[in-house]
Amino acid sequence: MLTRVFSSAVIGVDAYRVEVEVDITRGLPYYTTVGLAEVSVKESRERVKAAIVNSGYWFPDDHITVNLAPANIKKSGTGFDLPVALGILSASGVISPEVLSDYLVLGELSLDGRLRPVRGVLPVALAARQWGYRGVLVPAENSPEAAVVNDIAVYAVENLAQSVGFLDGSVDLSPARLDHRRIFDQGRSCPEDYSEVAGQENAKRALEIAAAGGHNLLMTGPPGSGKTMLARRLPSILPDLSFDEAIDVTKVFSVADQLDPGQALIARRPFRSPHHTISYAGLIGGGGNPRPGEVSLAHHGVLFLDELPEFKTALLEMLRQPLEDKKVTISRAAVSITYPSSFMLVAAMNPCPCGFLNDPRHECVCSASQVHRYKARISGPLLDRVDLHVDVPALAFRDMAGDIRSESSAAIKERVLIARNVQKIRFASSAVHCNAEMPSRLIKQFCKTDAPATGLLETAIDRLGMSARAYNRILKVARTIADLSAQESLCADHVAEAIQLRALDRKQI
């Protein structure tokens, strides 16, 4: 007898439908899986057989053929266990095939029939709603994640027997419910605050400008000056994620299997801080079955690279595509996968290998050639893609021991939100969301300078030998500074501050 169960798998962050066809015919006992199945899928036959028998059902001693269609796409993972088991039981007459056609099913089986969670459930639930299914059957631990999707019934099942009972009508299951708003609001809070950071007002100003315009930022300073502490608090002044953005972020984390057990939604902007020993696949994404890397896990958030020159040069050069295109494409012989990677890059570095170049309280032991080699690890094209370069000097004693309380993140965030709302109105008719994303056409339209500002720009460009990309980025930063000041036109003060925030360019004079 032939039966069909509908399941799904994920390519990138999008789901595609998989028809699990099970055919049982008379013959010698034999079990085969076709449809370009990888080892993890082929191994499911042992889990499926044990789960069916240990759940109290009869496993047929006949010729069983399982086909995963479409057959031209490689199938991997353990999410097909439950569909295959239900297909075998349906072909054996235990479950009606007509009932199975109403649901999308996925889940991994243990040997005793219990269901284990699988990755990528949120994209599957979104796709099931689009395809018009009556509901989805998922492992109980995945149900909060799937229940984020409205307008489709999500049924949390604990084991194979409960799945069969629900489908044949002997077990009553209610759809999983989730208070989206409560989870979303609770998850937005950020425990770290800029009021905890003493001094470094110039760096805080640069971070405020970066948050207001979505600009990339590089901090340079000696060890212990507070670069990491400043960077970690950046999400506290960024605009809150919208619900759609939270869905996008959660999809990436779900596919990467990075969601905590029972976690339904990521409501706070991601902050990813990989170590400089990270591999290419870890940062950009990849592997035999390509998964998202840190640049994609930082989608709609912040990617912080501490000790920037310690990263491999080739690894840093791979950041060019995601910084420009807001996506990263991983190509393999059999498949090409694109992951989203719209993030703010925040980096930190020492001024030299020992960290104390130009520090009045410590002697630098590095030679001129060592300093040059250290800085040369960061290429000019990569620096051009970083809008703000800011010095973070060592803290003075009066800053560390003083009783002056720093401005809170809430106060800074209020100004950032006002500037972002201005940009939202400005770019309402385009796909641009913030000043940092402006193409050349919009720069010419919205970044017009008066005569003094134009003269200042010309002098700076001539003396510093900046590229056209650096010139455009100065204009974008100046536009953000003007937005923070609630001014429509760019004046010399805005341009001067934007040039001042290109510290590494100024040091070339």
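See above for the structure.
Per chain, residues are indexed from 1 in the order of the written sequence. For this predicted model, a pLDDT threshold of at least 70 governs which residues receive local features, and a threshold of 80 or more governs which side-chain atom pairs are given and counted, while totals over whole chains, interfaces and linings are taken from all residues. Calculation of side-chain values draws on the structure's entire complement of heavy atoms; hydrogens and water are dropped beforehand.

Regarding the overall build of the protein
Short version of the rule: For helices the rule is a DSSP run of H or I covering at least 4 residues; for strands it is a run of E covering at least 2, with both sets numbered from the N terminus onward. The buried label applies to any residue whose accessible area, calculated with a 1.4 Å probe on protein chains only, is under 20% of its type's maximum; exposed applies above 50%, and partly exposed to all values in between. Throughout, a residue-residue contact means that at least one pair of heavy atoms, one from each residue, lies within 4.5 Å. For accessible areas, the Shrake-Rupley method is used with a probe of radius 1.4 Å. Any residue's cover is judged against the shown protein chains and nothing else.
The secondary structure content of the protein amounts to 24 helices and 18 strands. Along the three orthogonal principal directions, the C-alpha set of the protein runs to about 85 × 50 × 45 Å. Classification of the 509 residues of the protein by burial places 51% in the buried group. Here the analysis covers contacts within the protein between residues at least 6 apart in sequence; of these, 73% occur between residues at least 24 apart. Element-wise, carbon and sulfur atoms account for 50% of the exposed surface of the protein, whose accessible area totals about 22600 Å².

Quick look at the packing of aromatic side chains
We count it as follows: Centres within 6.5 Å make a pair out of two Phe, Tyr or Trp rings, where for Trp the six-membered ring is used; the pair is then stacked when the planes are under 30 degrees apart, edge-to-face when over 60, and tilted otherwise. For a lysine, the NZ atom is tested; for an arginine, the CZ atom; a charge sits over a ring if that atom is within 6 Å of the ring centre and within 35 degrees of the ring normal.
One pass over the full model with this rule turns up six aromatic pairs. Aromatic pair Tyr-103 and Tyr-155: ring centres 6.0 Å apart, planes at 75°, arrangement edge-to-face. Separated by 52 residues along the polypeptide, Tyr-103 in strand E5 (residues 103-105) and Tyr-155 in strand E9 (residues 153-157) bring together distant segments of the chain. Relative to Phe-446, the ring of Phe-427 lies with its centre 5.8 Å away and its plane at 85°, an arrangement referred to as edge-to-face. Of this pair, Phe-427 sits in the loop between helix H19 (409-426) and helix H20 (440-446) while Phe-446 sits in helix H20, placing them 19 residues apart in sequence. Using a relative accessible area of 3% as the deciding quantity, one classes Phe-427 as buried. Directly above the aromatic system of Phe-427 lies the positively charged group of Arg-426, at a separation of 5.7 Å from the ring centroid.

A closer look at the sheet that holds strand E17 (residues 344-349)
Let me state the cut-off plainly: Only strands joined by at least two bridges in the DSSP assignment are considered to pair.
The strand order across the open sheet built from five strands is E11-E14-E17-E10-E18, with neighbouring strands paired in parallel fashion. Where the open sheet ends on each side, the last strands, each with one partner, are strand E11 (271-272) and strand E18 (388-391). As paired elements, strand E10 (residues 217-220) and E18 share four bridges and run parallel to each other. Bridging from a neighbouring strand, Leu-218 pairs with His-389 of E18.

Concerning empty space enclosed by the protein
Selection criterion: A cavity, in this analysis, means grid points on a 1 Å lattice covering only the protein atoms where a 1.4 Å probe fits yet has no way out; a pocket is instead an open set bounded by protein on both sides within 12 Å along at least five of seven lines, and a residue lines either one if it has an atom within 4 Å of a point. Grid points are joined across faces, edges and corners, and a volume is the space filled by probe spheres set on the points. All residues other than Ala, Val, Leu, Ile, Met, Phe, Trp, Tyr, Cys, Pro, Asp, Glu, Lys and Arg, Gly among them, are scored as polar; the first ten of these are nonpolar and the last four charged.
Taken as a whole and judged by the stated rule, the model has one cavity of 30 Å³ or more. Computed from the structure, the largest cavity encloses a volume of approximately 40 Å³. Along its surface, the largest cavity is lined by Leu-218, Leu-308, Leu-345, Ala-347, Ile-378, Leu-382, Leu-383 and Val-386. Of all the secondary-structure elements, those providing two or more residues to the lining of the largest cavity are E17 and helix H17 (380-384). Tallied by class, the residues present in the lining of the largest cavity amount to eight nonpolar, no polar and no charged.

With respect to the side chain of Ser-379
Worth spelling out the cut-off: Two N or O atoms form a polar contact when they lie within 3.5 Å of each other; inside protein one atom must be a possible hydrogen donor and the other a possible acceptor, and for residues adjacent in sequence the pair counts only when both atoms belong to side chains.
Residue placement: Ser-379 occurs in the loop between helix H16 (368-376) and H17. Judged by relative accessible area, Ser-379 falls into the buried class, the value being 16%. A polar contact is formed between the side chain of Ser-379 and the side chain of Glu-317, at a distance of 2.5 Å. Those residues in contact with Ser-379 that sit more than four places away from it in its chain are Glu-317 and Arg-320.

A closer look at the pattern of salt bridges
Side chains that carry opposite charge are capable of pairing whenever their charged atoms lie near each other. For the record, the criterion: The term salt bridge refers to a pairing of a side-chain nitrogen on Lys or Arg with a carboxyl oxygen on Asp or Glu at a separation within 4 Å.
By the definition in use, this model includes 23 salt bridges. The residue Glu-310 makes a salt bridge to Arg-377 at a minimum N-O spacing of 3.7 Å. Of this pair, Glu-310 sits in the loop between strand E14 (302-305) and helix H14 (313-317) while Arg-377 is found in the loop between H16 and H17, placing the two residues 67 residues apart along the sequence. A salt bridge links Asp-387 to Arg-473; the shortest N-O distance between them is 2.6 Å. Residue Asp-387 is located in the loop between H17 and E18, and its partner Arg-473 is located in helix H22 (residues 468-484); the two are separated by 86 residues in the primary sequence. Each member of the pair, Asp-387 as well as Arg-473, is classed as buried. The network of salt bridges with shared partners includes Glu-324, Arg-385, Asp-387 and Arg-473.

A short note on the layout of surface pockets
Roughly 1100 Å³ of internal volume is contained in the largest pocket. Forming the walls of the largest pocket are 39 residues, and the residues nearest its centre are Ser-342, Arg-420, His-433, Cys-434 and Glu-437. When contributions to the lining of the largest pocket are tallied by element, the ones reaching two or more residues are helix H15 (320-325), H19, H20 and H22. The element that contributes the greatest number of residues to the lining of the largest pocket is H19, accounting for five residues.

Examining the pairing of strand E4 (residues 63-69)
Here E4 shows a buried face lined by Ile-64, Val-66 and Leu-68 and an unburied face lined by His-63, Thr-65, Asn-67 and Ala-69. In the sheet, strand E2 (residues 14-25) pairs with E4 via seven bridges, with the strands oriented antiparallel. Its bridge partner lying in E4, Glu-19 is registered against Ala-69. Here strand E3 (residues 30-34) pairs with E4 via five bridges, running parallel. Its bridge partner lying in E4, Tyr-30 is registered against His-63.

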